[in-house]
Structure formats: C-alpha cells, structure tokens
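Below, each chain spelled out in residue letters.
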Amino acid sequence: MNALAATNRNFKLAARLLGLDSKLEKRFNMTMLEGPMKGGIRYHPEVEPDEVNALAQLMTWKTAVANIPYGGAKGGIGCDPGELSVSELERLTRVFTQKIHDLIGIHTDVPAPDMGTGPQTMAWILDEYSKFHGYSPAVVTGKPTDLGGSLGRDAATGRGVLFATEALLNEYGKTISGQRFVIQGFGNVGSWAAQLIHEKGGKIVAVSDISGAIKNSKGLDIPSLLKHVKEQRGVKGFHGGESIQDSNSILTEDCDILIPAALGGVINRENANDIKAKFIIEAANHPTDPEADEILSKKGVVILPDIYANSGGVTVSYFEWVQNIQGFLWNEEKVNNELRTYMTNGFKDVKEMCKTHNCDLRMGAFTLGVNRVARATVLRGWEA
C-alpha cells in the first residue's frame, strides 16, 4: 500500500470513528480551514504526485494534531540535489519560485525545507518571491537566522522527537536514561535526535544513513560520530562501531526503542515480524506500512505515529512565522520551552482520544486531527 492509500485509509477510519458524514469528509480534506497551507518542499529523485498528495494530506492532520493554525501542503522537484552544483540549485530554485510565486504567500501557503532542501533554499525562495511582492520574510520558514529564521529551528524536529519520546515513556514509568535506541537515518532529524537522546542518558546502539550502518552494543560515542559524519559525510568508516553489511537490517537490531528517521515504507510485512523494539517513534513520514502496523500491534509493539512524533519541525516553523509577523525575535530558551509545551499537550490530547474511542495511538492522533478540522468545517459553514 503506497503512502497516499495509507493516509486515505487512516483518514476514513478516523472519520468513521467520529461518525462524520461522507459529504463533510470531502469538503475539508486538504483545505485552508484553519489558516495558511503549510508544508515542505523536497528535492529528491523519487518525487511524484501521489507522494506529494499523501504528504500534503498528512500535513493537514499533523498541523491539526499540533494545534497550530495551518492547513496542509507539500511540494517538490524530481531531481538529485547531490548531483547539482550550488549555482545549479540556486537557478532551479529561483525558476521554481517564479512559477509558484502567485500560489504561495504569508497568509496563503508558507513553504519550508524538506528532504534535499534547507535554509539556503528558503533564502533563495524568499529573495525571488520578494522581487514580485516586496520583502516578505514570513513567506517561508526554516530560513537562516540572518534573514528572520527562528533560533532552535534546525534542531526542532529532532528535539520534538525527544519530547514525544519522553511523553510516551512517562506513560510506562520509564525515562530516556538507560534505554537502548536504534536510529535509521542520520540526517538533520536523526542526528539531532541522537545528540539530544545521548545527552539525556539514552544509549544509541546503532545508526545508519545513505553511506552505511554501524552498531556498538555498549553505545556509540555520539559526539565523536557527529564529528566523523561532518568530516566524512556519512557514518561509514566510523571506528567506534562495527559495520553492518546490510543497512536495512538495522531495523531488526536488538533495542528498546526504534526511531525510523529516513524514508517512508521502511517497516513492512517483510521485516515487521523480526523487529525487536518495544517502542517505535516515527521520526520519518509514513515509515510503517499498514500491514506492518497490524503485525506489530499483535506483537504488543507501541508505535508513536508520525503526525505527532515528528511535528516539532512544523511547530517551530509556526513560531518562526509568528515572530516574522510580529517583527520580534524569541530567544532559543523560549522557543524550546514553547515546543516542549506543545509536544506535551499534544500527547495528552492524543491519549484522550485513545481513551474516548478505545483505539491505538495512530488512530488516536488521526481522530484528533480529523475532529479538529471537522469542527472548523462546521463552524465556517462548509458542512452543507
């Protein structure tokens, strides 16, 4: 089942739990009911319409779960940014912005970075957009701080994963300290999650990225690994761990908590039975197929769903947008404290939905998001 089909399936299940009318469902799917549309722009060879549609829909529910005033959007260009020079990336981004400048806007659609893009990409979009509409720092988030970006934005998704994990473990009388973690994906989200979990006393026993995978049952030296990755552009060759020949097998390494932080669909019916983790924190979008979901549920594995677990990035993007509109910069401590509050409250709201509808965390998060958008639909008079 692809990402779009899986998202539609979860949406329909949540709508059924809430007893929504089918006509109402169609009216509010992927709309601007609660504010401007929000979502990342990705540069990746596998970008295609179904994936973009699924991720846009996912953003609708994610922003609703996070309780921030946005609808969902997504965009992308099918390219391999690693094969392009900086000059080529800039020209590509500026031409792309020329084509979409009338579609995006401070109160219409506010892009952000995603896979293959970053602060520099957002800076080019801001500059090109401003040629048409005047200087408008709030038109994109995830910008460099020198152009109005928020402090703490770079670490936001990874820090949100930490806060989400703490909230979940607290339900089971556990803390981060002493837990064994496996992190698949060591880009921005995975590396920040590893660093912050390590600082809290968690033991990272295995990590992987596009270059390879490594493990150390005693725990990897994360500061040294981060230095190695910066110098060598990958985890491969790190001397503080043993190489794993098949990078995909990292998902079935022995651990307490598995954090998929790379591409979608990596946990499927082929490997679900072999997963040893007790908890899965979905730092990536759509990492778990519905078939795997059912297998893992029967095994008693607790999954913290992506639409809550990785919402730290869009939450701090909201903070950045607010700061740009206000023209007032928050300090990093305020950003991190506000993020903790949003993530903690979000988990409580999801758990409340789980109790109300007697469902798992994924369906609890979906019913929370769908219910909030449904309420906005009715209040705005769109139910007819």
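Because the structure is a prediction, the values reported are computed rather than measured.

Engineer: I keep staring at helix 9 (residues 290-299) and nothing clicks. Help me out?
Structural biologist: Since the α-helix turns once every 3.6 residues, residues separated by three or four places project in the same direction. Residues of helix 9 that are buried: Pro290, Ala292, Asp293 and Leu296. End-on view of helix 9: buried residues confined to an arc of 150°, all on one side of the axis. Following helix 9 by one or two positions, Gly300 adopts a phi angle in the positive range, close to 85°.

Engineer: I would appreciate a short explanation of the UniProt feature "binding site: substrate" (unreviewed entry) in the protein in the present structure.
Structural biologist: Sites flagged by UniProt as "binding site: substrate" (unreviewed entry) map to Lys38, Lys62 and Ser317. Spatial clustering of the annotated residues is evident: they stretch over 280 residues in sequence, but the largest pairwise C-alpha distance comes to 12.9 Å. Looking at where Lys62 falls in the secondary structure, it is placed in helix 3 (residues 49-66). Dropping the residues within four chain positions of it, Lys62 is found in contact with Asn285, Asp306, Ile307, Asn310, Ser311 and Val314. With respect to the helices and strands, Ser317 occurs in helix 11 (residues 312-326). The exposure class assigned to Ser317 is buried, which follows from its relative accessible area of 1%. Residues within four places of Ser317 in sequence aside, it is in contact with Lys38, Tyr70, Ala112, Thr141 and Arg153. Within the structure, Ser317 has its side chain in polar contact with the side chain of Arg153 (distance 3.1 Å).

Engineer: Just checking my understanding: could you explain the side chain of Thr93 for this structure?
Structural biologist: Within the secondary structure layout, Thr93 lies in helix 4 (residues 86-100). Judged by relative accessible area, which is 0%, Thr93 ranks as buried. The residues contacting Thr93, other than those within four sequence positions of it, are Tyr43, Thr121, Trp124 and Ile125.

Engineer: Looking at this structure, I do not really get the UniProt feature "binding site: NAD(+)" (unreviewed entry) in the protein. What am I missing?
Structural biologist: Using the residue numbers shown here, the UniProt feature "binding site: NAD(+)" (unreviewed entry) corresponds to Thr157 and Asn188. The largest pairwise C-alpha distance within this set of annotated residues, which runs over 32 residues, is 8.3 Å, so the set is compact in three dimensions. Locating Thr157 in the fold gives a position in helix 6 (residues 156-171). Setting aside anything within four residues of it in sequence, one finds Thr157 in contact with Val189, Asn310, Gly312 and Gly313. Residue placement: Asn188 occurs in helix 7 (residues 188-199). With a relative accessible area of 36%, Asn188 lands in the partly exposed category.

The rules we used
- By convention here, each chain's residues receive numbers from 1 onward along its written sequence.
- The predicted origin of the model limits local features to residues at a pLDDT of at least 70 and limits the giving and counting of side-chain atom pairs to 80 or more, whereas totals for whole chains, interfaces and linings rest on all residues.
- Calculated side-chain values reflect all of the structure's heavy atoms, with hydrogen atoms and water omitted.
- Relative accessibility under 20% of the residue-type maximum defines a buried residue, over 50% an exposed one, and the middle range a partly exposed one, all with a 1.4 Å probe and only protein chains included.
- Each helix is a run of DSSP H or I of at least 4 residues and each strand a run of E of at least 2, with the numbering of both proceeding from the N terminus.
- An arc is given here, and it is the one of the directions from the helix axis to the C-beta atoms.
- UniProt positions are given in the numbering used here, feature names are shortened, and annotations may be inferred rather than shown by experiment.
- Should any heavy atoms of two residues lie within 4.5 Å, those residues are counted as being in contact.
- Polar contact is the term for a pair of N or O atoms within 3.5 Å; when the atoms are in protein, one must be able to donate a hydrogen and the other to accept it, and sequence-neighboring residues count only if both atoms are side-chain atoms.

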